Amino acid sequence: MGDRWHVEVDRGVCIGSGMCVNHAPGAFRLDSARQSHPADPETDANEKVLAAAEGCPVEAITITLLDSGEVVFPPED
Ligand code: SF4
């Protein structure tokens, strides 16, 4: 792919399920309040981070292209 992504977790939406940590160990971590944080908000495009975003039960994870801001996830309706 070669794209660079910006990854964001909406902490007002995250319910601390930990699914993202299971999907992409090392890419997300839960803080003491069980809120998820991307380990690095700027990352190379990778399937595990996308799987984490897809697997989040409340769609708290947004991925955009770093250069253009184009939305990678969630897909537009
Ligand atoms: S999968 Fe979603 S709700 Fe669960 S911890 Fe990660 S961001 Fe939060």
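Residues numbered from 1 in each chain as written. Predicted model: local features only at pLDDT ≥ 70, side-chain atom pairs only at ≥ 80, totals over all residues. Heavy atoms only, no water.

Is there a simple way to think about the overall build of the protein in this case?
Helix and strand content of the protein: two helices and six strands. Moving toward the C terminus, one meets the helices and strands of the protein in the order β-α-β-β-β-α-β-β. The globule rule puts the C-alpha radius of gyration for 77 residues at 11 Å, and the 11 Å found for the protein is close to it. Here the C-alpha coordinates of the protein stretch approximately 35 × 25 × 15 Å along the principal axes. The proportion of buried residues among the 77 residues of the protein is 32%. (Helix = DSSP H or I, 4+ residues; strand = E, 2+ residues; numbered from the N terminus. Rg over C-alpha atoms; globule rule 2.2 N^0.38 Å. Buried < 20%, exposed > 50% of the residue type's maximum accessible area, 1.4 Å probe, protein only.)

Honestly, the nonpolar core in this entry has me stumped. Any pointers?
A general trend in soluble globular proteins is that nonpolar side chains are found buried together. Judged by nonpolar contacts, the single largest core of 17 residues is most densely connected at Trp5, Phe28, Ile61 and Ile63. Breaking this core down by element, the ones donating at least two residues are strand S1 (4–9), helix H2 (47–55) and strand S5 (61–65). Beyond its immediate stretch of four places on either side in the chain, Ile61 contacts Val7, Glu8, Val9, Cys20, Phe28, Ala52, Ala53, Cys56, Phe73 and Pro74. (Core = buried A, V, L, I, M, F, W, Y, C linked by side-chain atoms within 4.5 Å. Contact = heavy atoms within 4.5 Å.)

Teacher, can you tell me more about the environment of Glu8 here?
Here Glu8 lies in strand S1. When its relative accessible area of 47% is taken as the criterion, Glu8 is described as partly exposed. Expressed as a C-alpha distance, the spacing of Glu8 and Ser32, which sit 24 residues apart in the sequence, is 18 Å. Apart from the residues within four sequence positions on either side, Glu8 is in contact with Ala60, Ile61 and Thr62. Among the polar contacts made by the side chain of Glu8, one reaches the side chain of His6 at a distance of 3.3 Å. (Polar contact = N/O pair within 3.5 Å; in protein donor to acceptor, adjacent residues only side chain to side chain.)

Just checking my understanding: could you explain the site of the ligand for this structure?
Among the 15 residues in the neighbourhood of the ligand, the closest are listed as Cys14, Ser17, Gly18, Cys20 and Cys56. Given that more than half its atoms are within 2 Å of the pocket grid, the ligand belongs to the largest cavity. A class-by-class count of the residues in the shell around the ligand yields 11 nonpolar, four polar and no charged. (Near = heavy atom within 4 Å. 1 Å grid on protein atoms, 1.4 Å probe; cavity = no way out; pocket = protein on both sides within 12 Å on 5 of 7 lines; lining within 4 Å. Sits in = over half its atoms within 2 Å of the grid points. Nonpolar A, V, L, I, M, F, W, Y, C, P; charged D, E, K, R; others polar.)

What am I meant to see in the side chain of Ser36 here?
Summarising the element assignment, Ser36 is placed in strand S3 (residues 36–38). Beyond its immediate stretch of four places on either side in the chain, Ser36 contacts Val9, Arg11, Cys14, Cys20, Phe28, Arg29 and Leu30.

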